[in-house]
Number of protein chains: 2
Amino acid sequence: MQISVDIDDPIPLFVQIIEQIKQAVVEHNLIPGQPLPSIRQLANDLNLNSKTVAKAYKLLERDAIIQSKGYRGTFIHPDAASNCGTNLKGLIAETLEQAISQLRNEGATDSEIRIEFANIMNNRVS
Amino acid sequence: MQISVDIDDPIPLFVQIIEQIKQAVVEHNLIPGQPLPSIRQLANDLNLNSKTVAKAYKLLERDAIIQSKGYRGTFIHPDAASNCGTNLKGLIAETLEQAISQLRNEGATDSEIRIEFANIMNNRVS
DNA sequence: AGTTGTACCATTACCATGCATGGTACATAT
DNA sequence: ATATGTACCATGCATGGTAATGGTACAACT
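Quick caveat, the model's predicted, so the values are computed rather than measured.

S.K.: I'd like a rundown of the protein's contact with DNA strand C, residues and numbers included.
M.R.: Residues in close proximity to DNA strand C total 25 residues, the closest being Ser38 of chain A together with Leu13, Lys51, Thr52 and Tyr71 of chain B. In DNA strand C, the atoms that sit within 4 Å of the protein are 72% sugar and phosphate, with bases accounting for the remainder. Contact between DNA strand C and arginine 114 of chain A: a phosphate oxygen at 2.9 Å from a side-chain N or O atom of the residue. Every element with two or more residues in the surface near DNA strand C is listed here: helix 2 (39-46), helix 3 (50-62) and helix 6 (110-121) of chain A together with helix 1 (13-26) and helix 3 (50-62) of chain B.

S.K.: Kindly report on the relation of the copies chain A and chain B, identifying the contributing residues and their values.
M.R.: Take chain A, turn it by 178°, move it 0.0 Å along the axis, and it overlays chain B with an RMSD of 0.5 Å. Such a turn and shift between the copies fits a two-fold axis. Scanning chain A for the C-alpha nearest the rotation axis identifies alanine 99 of chain A, at a separation of 3.5 Å. The fraction of interface residues of chain A whose copies in chain B are also interface residues reaches 100%, indicating that both copies meet through the same surface.

S.K.: Outline the sheet that holds strand 1 (residues 35-36) of chain B, supporting the account with residue identities and numerical values.
M.R.: All names here are of chain B. As summarised here, the arrangement of the three strands in space is 1-3-2, forming an open sheet in which the pairing is antiparallel. Each edge of the open sheet is held by one strand with a lone partner, namely strand 1 and strand 2 (66-68). Pairing between strand 1 and strand 3 (residues 74-76): two bridges, direction antiparallel. Among the inter-strand pairings, leucine 36 is bridged to a residue of strand 3, identified as threonine 74. Packed onto the sheet, helix 3 meets strand 1, strand 2 and strand 3 and runs at close to 110° relative to strand 2.

S.K.: I'd love a proper account of the protein's contact with DNA strand D, names of residues and values included.
M.R.: Around DNA strand D sit 26 residues, and of these Leu13, Lys51, Thr52, Tyr71 and Asn122 of chain A come closest. Close to the protein, within 4 Å, the atoms of DNA strand D belong to sugar or phosphate groups at a rate of 72%. Here a phosphate oxygen of DNA strand D sits 3.1 Å away from a polar atom, N or O, in the main chain of isoleucine 39 of chain B. Threonine 74 of chain B places a side-chain nitrogen or oxygen 3.0 Å from a phosphate oxygen of DNA strand D. Secondary structure elements with two or more residues in the surface near DNA strand D: helix 1 (13-26) and helix 3 of chain A together with helix 2 (39-45), helix 3 and helix 6 (110-121) of chain B. For the surface near DNA strand D, a count of residues per class yields eight nonpolar, nine polar and nine charged.

S.K.: With reference to specific residues and values, describe the interface of chain A and chain B.
M.R.: A common way to express how large an interface is: the accessible area buried when the components associate. Counting residues at the interface gives 30 residues for chain A, matched by 30 residues for chain B. On the chain A side of the interface with chain B, the three residues burying the most area are Phe117, Ile120 and Met121 of chain A, jointly 20% of the side's total. Counting the contacts that link chain A with chain B gives two salt bridges. Across the pair glutamate 112 of chain B and arginine 62 of chain A runs a salt bridge whose closest N-O atoms are separated by 2.5 Å. Remark: the boundary between chain A and chain B carries eight residue pairs in polar contact (both at pLDDT 80 or more). At the level of elements, helix 3, helix 5 (88-105) and helix 6 of chain A are the ones that each hand at least two residues to the side of chain A that touches chain B. The element contributing the most residues to the side of chain A that touches chain B is helix 5 of chain A, with 13 residues.

S.K.: With reference to specific residues and values, describe the packing of helix 2 of chain A against helix 3 of chain A.
M.R.: Residue and element names in this part refer to chain A. The geometry of helix 2 relative to helix 3 is characterised by a closest axis approach of 8 Å and an angle of 120° between their N-to-C directions. Judged on the interaxial angle alone, helix 3 and helix 2 are oblique. Judged by the twist between their axes, the crossing of helix 2 over helix 3 is right-handed. For the pair formed by helix 2 and helix 3, the contact residues are Ile39, Leu42 and Ala43 on the first element and Ser50, Val53, Ala54 and Tyr57 on the second. Classifying every residue of the contact of helix 2 with helix 3 by side-chain character gives six nonpolar, one polar and no charged.

Calculation rules
- Residues numbered from 1 in each chain as written.
- Chains lettered and ligands numbered in written order.
- Predicted model: local features only at pLDDT ≥ 70, side-chain atom pairs only at ≥ 80, totals over all residues.
- Heavy atoms only, no water.
- Near = heavy atom within 4 Å.
- Polar contact = N/O pair within 3.5 Å; in protein donor to acceptor, adjacent residues only side chain to side chain.
- Helix = DSSP H or I, 4+ residues; strand = E, 2+ residues; numbered from the N terminus.
- Least-squares fit on C-alpha atoms with pLDDT ≥ 70 in both.
- Contact = heavy atoms within 4.5 Å.
- Pairing = 2+ DSSP bridges.
- Axes fitted to C-alpha atoms, helices over the stretch in contact; angles between N-to-C directions.
- Nonpolar A, V, L, I, M, F, W, Y, C, P; charged D, E, K, R; others polar.
- Buried area = accessible area lost by both parts, 1.4 Å probe.
- Salt bridge = Lys/Arg side-chain N within 4 Å of Asp/Glu carboxyl O.
- Parallel < 35°, antiparallel > 145°, perpendicular 65-115°, else oblique.
- Left-handed = near helix turned anticlockwise from the far one by under 90°.

Given below as structure tokens:
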């Protein structure tokens, strides 16, 4: 498995890692049960901080693309291929788009929407 | 009609203006049809930029609290009192809260929600 | 001892945003 | 001329969030 990152790319490094692993899964270059390099190992290879790689792995595990087995390492999830299709990102976009377009129709300003959004995300009381 | 602003107050100046005019409406110190100072006039009295006052007036007109009649000036809207009750801000908060809590239940990260939100607000293609 | 994933603490730099400012211009009226 | 609301251009400043960095520590296993 070849993974590379481009620091000059505006795409965040942890996203670059995620996309490459997902791509390898859909192309069957990575098959279920196959081991992935350890967080520290991959971080070392890419000259990245281990936290950056850990973040990518964490998100991949949440989406059931990979499986972390503690001291035994990290492996491709049995249902990795099908879970690559489930687009959580798409659901997020769809849900937010619906809410935002509704609010815009109600006459809300983008500025007001942004402010209220920030309040909610920070659990502030408005 | 007495309006005053406090520059040291963390509340934005245009919000201070809006709140005071709304307050005056609910207290019947401002009644429908009554004229408001012109944008430039009020800006001059408060030592503010005219754009700041214009912003406050624009939002007040959107909420049907006041009515702008071009060169004739700005006046209190006939339904000002009742429209002071309709809380657009509350609607925004409610709509967004519903969407966000749903996404959080689906497993979405706050970070992901924020990114997608920014994409939508900027009409970027994701 | 060495490695695994994970969880905290923290800081730095960058970028987007909101607020307020300034200038200019327009049509429409007195 | 003067005044009205409104629309565009632009800037400086402060704020807040993300991304990425670093250090430390833990339990569990080889």
